[in-house]
Amino acid sequence: MSSVFESPKPRINASMLSQYVSKPVCFAGRVQKIHPSGRSLTLLDGEGKTAQVELNDPLDEEVSGIVEVVGMVSNKGTIMASAYTPLRDDKYGFDLELYNEALKVIHDFPQYYPFQ
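Residues numbered from 1 in each chain as written. Predicted model: local features only at pLDDT ≥ 70, side-chain atom pairs only at ≥ 80, totals over all residues. Heavy atoms only, no water.

**As for the layout of surface pockets**
Stage number 1. For the second largest pocket, the calculated volume is near 150 Å³.
Stage number 2. As for the second largest pocket, its lining consists of Leu55, Asn56, Asp57, Pro58, Leu59, Asp60, Ala81, Ser82, Ala83 and Tyr84.
Stage number 3. Here the element with the most residues in the lining of the second largest pocket is strand S6 (residues 79-87); it accounts for four residues.
Stage number 4. In the lining of the second largest pocket, the residues fall into six nonpolar, two polar and two charged. (1 Å grid on protein atoms, 1.4 Å probe; cavity = no way out; pocket = protein on both sides within 12 Å on 5 of 7 lines; lining within 4 Å. Points joined across faces, edges and corners; volume = space filled by probe spheres on them. Helix = DSSP H or I, 4+ residues; strand = E, 2+ residues; numbered from the N terminus. Nonpolar A, V, L, I, M, F, W, Y, C, P; charged D, E, K, R; others polar.)

**Digging into the nonpolar core**
Stage number 1. Core analysis: the largest hydrophobic core is formed by 20 residues, its most contacted members being Ile12, Phe27, Leu43, Val53 and Val69.
Stage number 2. Those elements that provide at least two residues to this core are strand S2 (24-34), strand S3 (40-44), strand S4 (50-55), strand S5 (66-73) and S6.
Stage number 3. The next biggest cluster of nonpolar side chains, apart from the first, holds five residues, and it includes Ile66, Leu96, Tyr99 and Leu103. (Core = buried A, V, L, I, M, F, W, Y, C linked by side-chain atoms within 4.5 Å. Buried < 20%, exposed > 50% of the residue type's maximum accessible area, 1.4 Å probe, protein only.)

**As for the environment of Leu44**
Stage number 1. As for its position among the elements, Leu44 is in strand S3.
Stage number 2. Taking C-alpha positions, Leu44 is 9.9 Å from Val67, a pair spaced 23 residues apart along the chain.
Stage number 3. What Leu44 contacts, discounting residues up to four positions off in sequence, is Gly29, Arg30, Gln32, Lys49, Thr50 and Leu96. (Contact = heavy atoms within 4.5 Å.)

**Some details on the packing of aromatic side chains**
Two numbers describe a pair of aromatic rings. These are the distance of the centres and the angle of the planes.
Stage number 1. The final tally for this structure, using the stated rule, is two aromatic pairs.
Stage number 2. Considering the side-chain rings of Phe94 and Tyr99, the 5.6 Å spacing of their centres and the 50 degrees angle between planes classify their relative orientation as tilted.
Stage number 3. Given a relative accessible area of 16%, Tyr99 falls into the buried group.
Stage number 4. With 6.4 Å between their ring centres and 40 degrees between their planes, Phe109 and Tyr112 make a pair best called tilted.
Stage number 5. Tyr112 sits in the exposed class, given a relative accessible area of 60%. (Phe/Tyr/Trp six-rings, centres within 6.5 Å; stacked < 30°, edge-to-face > 60°.)

These results come straight from atomic positions and should not be treated as a statement about function.
Encoded structure:
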């Protein structure tokens, strides 16, 4: 199996998960819930839909706000994260709704925004 870091990854929202099963993706969302074990997160996207994220290792830091996750989509529609990056949105704000609109444009015009 190739690494998720070896190729470009499409940015997606929760409604696109089923289209990317067994493929690497990049997903940004607001932390809604963290499992007590620290091994999974529930993220809310710009449409208000949720995505489940499974981590290889338990969280070793407090995570809140917006998080960007890179990973593979499982058959169950869960993102199996290889890496995550907390995005600070306290100072300037991160508009998930606007981000979601940008995703729609990117996916509506794949000839201008190729992922491969």
